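Tertiary structure, described
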Protein chains: 2
Amino acid sequence: MANKAKQLALGLFIRAHGHHLAAWKQPNVPNEAGLTLAHYRNIVTTAERAKLDFVFLADSMGVRASVQPDAAFERTPHLTHFEPITLLSALATFTQHIGLVATASTTYYEPFHVARLFASLDYLSGGRAAWNVVTSNGVGEAENFSAQAHPKHDARYARAIEFLDVVKKLWDSWEDDAFTWNENSGVVFDKSKLHQPNHVGEHFSVAGPLNVSRPPQGHPIIVQAGGSGPGIELAALTADVVFAVHPTLADGQAFYSKLKGRLSDAGRDPASLKIMPGIFPVVGRSRAEADEKYAQLQESLDPVLAISQLSNLLDGVDLSGYPLDGPVPDLPGTNASVTRLKVLRETAERDGLNLLQLAQRIAGSRGHHQVFGTAADIADRMEEWFHKEAADGFNLLPATLPGGLEDFAELVVPELQRRGLFRTEYSGASLRENLGLSRPVHPALRTSSAA
Amino acid sequence: MANKAKQLALGLFIRAHGHHLAAWKQPNVPNEAGLTLAHYRNIVTTAERAKLDFVFLADSMGVRASVQPDAAFERTPHLTHFEPITLLSALATFTQHIGLVATASTTYYEPFHVARLFASLDYLSGGRAAWNVVTSNGVGEAENFSAQAHPKHDARYARAIEFLDVVKKLWDSWEDDAFTWNENSGVVFDKSKLHQPNHVGEHFSVAGPLNVSRPPQGHPIIVQAGGSGPGIELAALTADVVFAVHPTLADGQAFYSKLKGRLSDAGRDPASLKIMPGIFPVVGRSRAEADEKYAQLQESLDPVLAISQLSNLLDGVDLSGYPLDGPVPDLPGTNASVTRLKVLRETAERDGLNLLQLAQRIAGSRGHHQVFGTAADIADRMEEWFHKEAADGFNLLPATLPGGLEDFAELVVPELQRRGLFRTEYSGASLRENLGLSRPVHPALRTSSAA
C-alpha cells in the first residue's frame, strides 16, 4: 500500500486519428492526421497542459497488411504516418516538460543506431526521451529487412537482452562530466572518464564509444510491453515502465503482483518500475453523453475492418473465413501474442460474445480495459486499480484525437487532481524525475557495497 | 554558358563550432555546441534569413579516433554531437524555407530505415529533406556494427547503387494521390495506386510498401560527395547535388566537365545536377580584417591536432611519427580517399609546404578552396568559378559558427544579390523547387516515349 502516498503516472498513447477504428470519419479528425505535424503539435501541447507524464508512439516496420483481405486493407486508416523518432524530435521543440516515448525494434535496428537516436532525442528535449523496446512481431516486417520471417520468440528475446546491454554500455561511454574544455591546455575531455564499451557478445560486437555524450537522464527511460514469460523477464531486468493489456482488475492485479515480485528477485526496488496498463476511456458530462459518443463511433465501424484488426491482434491469423455470428474459433496459439490471445478469448467467454461482437468490442481498445462514463466514473476506476495494486498509472487510449484527449484533460484530470491522485504542476526537470525514478549512476562511480 | 542566366546555389556545411579546428576556443562559440539545440537554431535561422538553399550535416558512425595518438584524441573538439536526422527534425520546426540535408550511410543502415526517416523528415519540413549518401570510410565505424572492417570500396559502391534503387522504390510505394479517404465507402486508398516494391537483388530483399506516403518532393533530394571513379558513376546515375573538394579553379573545371559529361552519357540533362564545391571563406570589412581573423585562429591552433586531422583525411594513416618540417610523406594510396590524398599532395607541392604547414593550411578548410578578403573579393571568386563552369554553387564552410556565417550573411550575400547572382527571396515551396530541379514523376505515370 506504499502507493497511497504517491500519484498516478499518466501517458498518452497517440494513434493518429485516435484509437477507435472509425475515428478517422469523425468531425475534427483530419484524414491525413498521421502525416500532419500541426495535428500532433495540437495533441502534445494539450497533453502537456494536462500535465501528463508522456506521449507514446507505437511503431511497426511495415504496414502490417499481408494477411488482410483486400477489402480490409483498403479500409485501414493508419497505413502511413511519420516515423516516431523524427516526429518526437520535432515535437520536442513545441513542449518543455512532457516525456517523449518512441518505439524501436531490437530485431531490425542496430544497437549503435538506437543508442544514438535516443541519446540525441534526450539532448534535443532536455531529458525527456524514452525508448519502448519491442522485438517485432508484425506481419510483413521481416520481409522489409532482407529476411524471410522474424526470428523465433526466444531468439528475439535473447537478442533483445544483449541489445539493451550494448545500448546502456554505449550511453555510459562517457561519464557525465567527461568533457572539460580547457582552453589553455587544449584538452577537451578527461581520458579517465571515457569508458570504451568494447562489447563482444553472441549477437553483437560493438567497440564504441558512442558519439553522443552521456544523455541528460543518464539513460533515457526504458519502456516495455511484453506480457509473455521472456517479456516479463526482460522487463524485470531492464524496464522503467511497463505497458500492460488487462481487461479486468483481477488480470491487472495478478500481473502487477507477478512482475513486482520478479523485480524483488532481480534485486531491484519494486518502486523502480511503473506498471501502466492501457485504458480506453470515453468520457461525457453525463453517462448518457459518454454512451452516445461511443455509440456514434460504433455505428460507423466497418465490420470488415473490425474483423481484420482482430486477425492482426491474433498474430495475423486470418479470421475473415469464420462465421461472424459464431464463437471465437479455437486458434493454435502462435508464439508472439499468446498473452493477447488469452486475454481476448477470456473476454469473449466472459461476456458471451460471438466473433463479430468481440471484434466490435475491441474496435477502440484492442483488448485494453474500457471505461465509459463521467469524470467521476473514470476517476473511480483509475483510483480503484491504483489502490488495489493493479496499476502505478495508466496509458490512455482516447477513442478520437484530439477530441478524446480534450475531454479527458478538461473533465477527468481536474477530478484526479481534486482527489490528490495527479500532479497539478510538473515538479521535475526530466521525464525520469517526473516519474519519480532515480537517475542511473555511471557504473564507474557505483560503490561495490551491498546490492 | 547556360549558367549565366541562373543563380548560385548556396549551402551551409554546419560543423558545430565552425570548421576551423581552433574555433571552439573563440568567444561566442559555446563549448558544448554539438549538443546545444539553441546554438543550431541560431545558425539555421541566420542561414534562412540569408536565403541559403540548405544546411548540411556530415556524419560518421563513430568518433573517428582509433588512429589518433591520445594527445590528439583528447584535443578533438567534435567527438560528440546530435545525430543529424533527429537534429534536422527539430530544426525543421524553427524554419520554413531552408533545405535540410542529413548524411546517412548505405553501409551501416538498411534501406527501409533510410527511406522512412527521410520521407518522415520531408513531411515534417514540408518538402525540405535531402539525403547525403555516403558509403562510410571512417576509422572505427565497422567496429560499431559487429564487423571487423569496412567492405572494400567497390563492394560498398555496388551496395550503395542497389540501396538507392530500393529507397526510391520505397518512396514510390504509393502514388501521390493514392489516399482518397472516402467516408461513405470506408475505402481510404485506391488499390491501383499502390505499387509494392517486392525488390529482390544481390544485397537486399525488400517487399514494402513503405509506411509513409509518397514524400512531398516525390523523392527527397539526393546529395553525394564521392570524387572517386565509382563515386562519380553513382552521382551521374542518381545525384541531384554533388559536393566536391577542389583547391583550385582548374581542378573544379576538370571535375565539372567530367561529371556533366557523364550525365549526358547517362541520358540525364546536365542541368539536373548541381555541382557545389566546398569553399572556406574568411570575410572582413577590409582584407586586413579578414587576414587578422584568420591569423587569430591559426595562432590558437594546436599542431598535434592539426597533424591528427591530416592523418584522418588521409584515410587514417598515422602521421604523428613523421618530421613536422619534412615533406608530405609518400603514402600508399588507400582505397577510400585517393582523391583527397591527391588533392592534398598537389597542394603541398604547388605551394612548397612541409608536413606541418600543410596540416596548418587545411586546419579550417580540410582541402576545400579557401578565400580571404572583402565581400567583393569573395563574390569575385565565386562568380569566377560559376561563370567558368567550375561550380553551380558552393557549400560554405565558415571558420566559426555562428560568427563566420553572420559575416557571410551580412557582407557577402548582399554583394552576390547586387550582382544578380543570388536570390533575394525564396521562390519555391520545397528545396527541390528552390534548387530549380524538377519533381520526379511517379514511375507508373511516366510516358514510355523517347528517353
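These numbers come from a predicted model, not from an experiment.

Each partner contributes to the interface: chain A provides 69 residues, whereas chain B provides 69 residues. Where chain A abuts chain B, roughly 6,200 Å² becomes buried across the two surfaces, and 62% of that area is made up of carbon and sulfur atoms. If you sort the residues of chain A by the area they bury against chain B, Glu74(A), Arg116(A) and Trp181(A) come out on top, with a joint share of 11%. Note that Lys191(B) is salt-bridged to Glu74(A), the shortest N-O span being 3.7 Å. At the junction of chain A and chain B, the tally comes to 27 residue pairs in polar contact (both at pLDDT 80 or more). If you tally residues by element for the side of chain A that touches chain B, the top one is helix α4 (residues 111-124) of chain A, at 7 residues. For the side of chain A that touches chain B, the residue count by class is 34 nonpolar, 22 polar and 13 charged.

What follows deals with the pairing of strand β10 (residues 369-373) of chain A. All names here are of chain A. The buried fraction of β10 is high, at 4 of 5 residues. Pairing of strand β9 (residues 274-283) with β10, which is carried by 5 bridges, proceeds in the parallel orientation. Bridging across to β10, Val283 finds its partner in Gly373.

A separate point is helix α8 (residues 287-299) of chain B. Residues and elements named next belong to chain B. Between its terminal C-alpha atoms α8 stretches 18 Å, which fits the 18 Å expected from 13 residues at 1.5 Å a residue. Turning to α8, its buried residues are Ala290, Tyr294 and Leu297. What you see down the axis of α8 is that its buried residues fit within an arc of 55 degrees, all on one side. Facing away from the buried side of α8, by more than 90 degrees, are the exposed residues Ala288, Glu292 and Glu299.

In this section: unusual backbone geometry. Between Gly208(A) and Pro209(A) the backbone carries a cis peptide bond, its omega angle lying at 0 degrees. For Pro209(A), the location among the structural elements is in the loop between β6 (205-206) and β7 (221-224). Between Leu401(B) and the following residue, Pro402(B), the backbone shows a cis peptide bond with an omega angle of 5 degrees. Here Pro402(B) is to be found in the loop between β11 (393-396) and α13 (403-418). A positive phi angle is found at Asn198(A), which is not glycine, with a value near 45 degrees. Here Asn198(A) lies in the loop between α5 (153-171) and β5 (199-200).

With that out of the way, let us pick up the nonpolar core. Ranked by size, the top nonpolar core spans 165 residues in total, and within it Trp131(A), Met382(A), Trp131(B) and Met382(B) carry the most contacts. Apart from residues lying up to four places away in sequence, Met382(B) is in contact with Leu8(B), Leu10(B), Ile279(B), Phe394(B), Leu396(B), Phe408(B), Val412(B) and Leu416(B).

In total, this model carries 36 aromatic pairs over all chains according to the counting rule given. Among the aromatic side chains, those forming a connected cluster through ring pairs are Trp24(A), Phe73(A), Trp174(B), Phe179(B), Trp181(B) and Phe189(B).

The rules behind these values
- Residues numbered from 1 in each chain as written.
- Chains lettered and ligands numbered in written order.
- Predicted model: local features only at pLDDT ≥ 70, side-chain atom pairs only at ≥ 80, totals over all residues.
- Heavy atoms only, no water.
- Contact = heavy atoms within 4.5 Å.
- Buried area = accessible area lost by both parts, 1.4 Å probe.
- Salt bridge = Lys/Arg side-chain N within 4 Å of Asp/Glu carboxyl O.
- Polar contact = N/O pair within 3.5 Å; in protein donor to acceptor, adjacent residues only side chain to side chain.
- Helix = DSSP H or I, 4+ residues; strand = E, 2+ residues; numbered from the N terminus.
- Nonpolar A, V, L, I, M, F, W, Y, C, P; charged D, E, K, R; others polar.
- Buried < 20%, exposed > 50% of the residue type's maximum accessible area, 1.4 Å probe, protein only.
- Pairing = 2+ DSSP bridges.
- Expected span 1.5 Å × (residues − 1).
- Arc of directions from axis to C-beta.
- Core = buried A, V, L, I, M, F, W, Y, C linked by side-chain atoms within 4.5 Å.
- Phe/Tyr/Trp six-rings, centres within 6.5 Å; stacked < 30°, edge-to-face > 60°.

Shape descriptors only; they carry no functional weight alone.
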